[in-house]
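# Examining the three-dimensional arrangement
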Amino acid sequence: MEVLNKYITIKAHINGAPHESDFELKTVTFPISVESGSNDVVVKSLYLSIDPYQINRMKSYSSSQNTISFAVGIVPGEAIDAFGVGRVVASGHPGFEKGDLVSGMISWGEYSIVKGTSMLNKLDPMGFPLSYHVGVLAFSGLTAYAGFFELCKPKKGEKVFVSAASGSVGNRLANMQSCLAATLSAALGANKRYFPDGIDIYFDNVGAEMLEAAVANMNMFGRVAACGVISEYTDAAKRAAPNMIDVVYKRITIRGFLAADHMNLFADFSSATADHLHKGRIHVLEDISQCVESIPAAFVGLFRCDNVGKKIVQVMDE
Ligand SMILES: NC(=O)c1ccc[n+]([C@@H]2O[C@H](COP(=O)([O-])OP(=O)(O)OC[C@H]3O[C@@H](n4cnc5c(N)ncnc54)[C@H](OP(=O)(O)O)[C@@H]3O)[C@@H](O)[C@H]2O)c1
């Protein structure tokens, strides 16, 4: 059986702020079958995670592209792989059957052929909406969890500043902090007005002058979890120059991390988050667009601060 598969690609490399006109919708004939003897799995896309890091893959060059497999450069005209939730529609792999719900690396399209099943896992929705499994129960949530607990190691009474708090990772952190309201306090803004006692922990999603301001207001032995620098992704001239005298004399630690390096925490993260969700301790903020055609606007909107909460595209009906 064959279908018409719609997918989104870039027309050419994107080296500044992305525009919807940089993207192209392609339609191709697509087989809903696998060759006999292959391990391929064909997946129908249901929900896709829309993530800022993809812009660094779309550049003609970014130092990020040589660091980890999911950050490799995107070739104009080709399908763009992305984290999502889907349903298996054909499988040559003994571990997957038609009808299985899966999460993993699929693509910015309606259907994908997944060749390495290490990139795909069977999904137990645990009674939650499928969209949660591309956001709060997936990498956005894990990023906040690993960055906060593994890198920042918060102690009772410490002052925590989170940038881009209305976004996906930031909002998850704001939720975690409200779960820890007795021990932590947070506020928006990296200056003395909001932090008269200084900042102990800065969870940086933004980079540039926000990082400079946070470092200038940090306390002795402050920790910065460098999660992302979204304001620098589309404008390299904004690169941060924190005062290194502060870093040295206040013995501040600035440490970059990738959630993918903390998969060992996934089981703990998942059960803790599910428990918080069941008990109503986490308020999930999602911003969901419909259909493959909406992907370019959804992605471009990340860099215009259009989204409130996790940006998701529901590609097809369940
Ligand atoms: N290290 C990791 O493993 C990892 C994993 C996931 C994400 N990240 C990083 O975490 C950061 C947030 O990602 P996300 O998935 O949570 O995206 P997101 O917050 O859902 O979407 C982007 C948000 O970033 C803020 N923003 C956009 N352009 C900005 C600019 N020029 N200056 C200041 N703020 C800007 C806006 O939030 P406001 O409206 O609140 O300002 C916007 O809503 C990104 O830097 C991303 O690359 C890192």
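Now for the overall build of the protein chain. Helices and strands together make up the secondary structure of the protein chain, namely eight helices and 14 strands. The C-alpha radius of gyration computed for the protein chain amounts to 20 Å, which stays within 12% of the reference 20 Å derived for 318 residues, consistent with globular compactness. Projected onto the principal axes, the alpha-carbon positions of the protein chain cover approximately 65 × 45 × 30 Å. Expressed as a percentage of its 318 residues, the buried residues of the protein chain come to 43%. Considering only residue pairs separated by 6 or more positions, the protein chain has 71% of its internal contacts joining residues 24 or more positions apart.

What follows is about the pairing of strand S3 (residues 41-49). In terms of burial, S3 is largely enclosed, as nine of its nine residues are buried. Looking at chain direction, S3 and strand S4 (residues 81-91) are connected through seven bridges and run antiparallel. Bridging from a neighbouring strand, Val41 pairs with Ser91 of S4. Note that S3 and strand S6 (residues 111-114) share four bridges and pair antiparallel. Of the residues in S6, the one forming a bridge with Val43 is Ser112. By the bridge criterion, three bridges tie S3 to strand S14 (residues 310-314) in an arrangement that is antiparallel. Counted as the bridge partner of Leu48 is Val313 from S14.

With that settled, consider the site of the ligand. Neighbouring residues of the ligand: 28 residues in total, closest Ser166, Gly167, Ser168, Gly228 and Ser231. Mapped onto the shell around the ligand, the elements with two or more residues apiece are helix H2 (139-152), helix H3 (168-179) and helix H5 (230-233). Split into classes, the residues belonging to the shell around the ligand amount to 16 nonpolar, ten polar and two charged.

Below, the discussion takes up unusual backbone geometry. Positive phi is not limited to glycine here, since Ala208 has a value of about 50 degrees. Examined against the element boundaries, Ala208 turns out to sit in helix H4 (residues 208-216). Classification of Ala208 as partly exposed rests on a count of 19 C-beta atoms within 10 Å. Residue Arg251 is not a glycine yet carries a positive backbone phi of 50 degrees. Mapped onto the elements of the fold, Arg251 is located in the loop between helix H6 (244-249) and strand S12 (253-256). For Arg251, a count of 11 C-beta atoms within 10 Å corresponds to the exposed category.

The next thing to look at is helix H7 (residues 266-278). Given a rise of 1.5 Å per residue, 13 residues ought to cover 18 Å, and the 18 Å separating the end C-alpha atoms of H7 matches this to within 8%. The positive-phi residue at the C-terminal boundary of H7 is Gly280, with phi of around 70 degrees.

Quick look at the confidence of the model for the protein chain now. In low-pLDDT regions, the fine details of the predicted coordinates are not to be read closely. Averaged over all residues, the pLDDT of the protein chain equals 92, while 95% of them reach at least 70. A low-confidence stretch, residues 181-190 stays under pLDDT 50, and its non-local contacts, those more than four residues away or across chains, total 23 contacts.

Of all 14 residues in H2, eleven are buried, a share of seventy percent or more. Turning to H2, its buried residues are Phe139, Ser140, Gly141, Leu142, Thr143, Ala144, Tyr145, Ala146, Gly147, Phe148 and Cys152. After H2 finishes, the residue Lys153 shows a positive phi value of roughly 45 degrees.

What counts, and at which threshold
- Residues numbered from 1 in each chain as written.
- Predicted model: local features only at pLDDT ≥ 70, side-chain atom pairs only at ≥ 80, totals over all residues.
- Helix = DSSP H or I, 4+ residues; strand = E, 2+ residues; numbered from the N terminus.
- Rg over C-alpha atoms; globule rule 2.2 N^0.38 Å.
- Buried ≥ 20, exposed ≤ 12 C-beta atoms within 10 Å, placed from the backbone.
- Contact = placed C-beta atoms within 7 Å.
- Pairing = 2+ DSSP bridges.
- Near = placed C-beta within 6 Å.
- Nonpolar A, V, L, I, M, F, W, Y, C, P; charged D, E, K, R; others polar.
- Expected span 1.5 Å × (residues − 1).
- pLDDT = per-residue confidence, 0-100.

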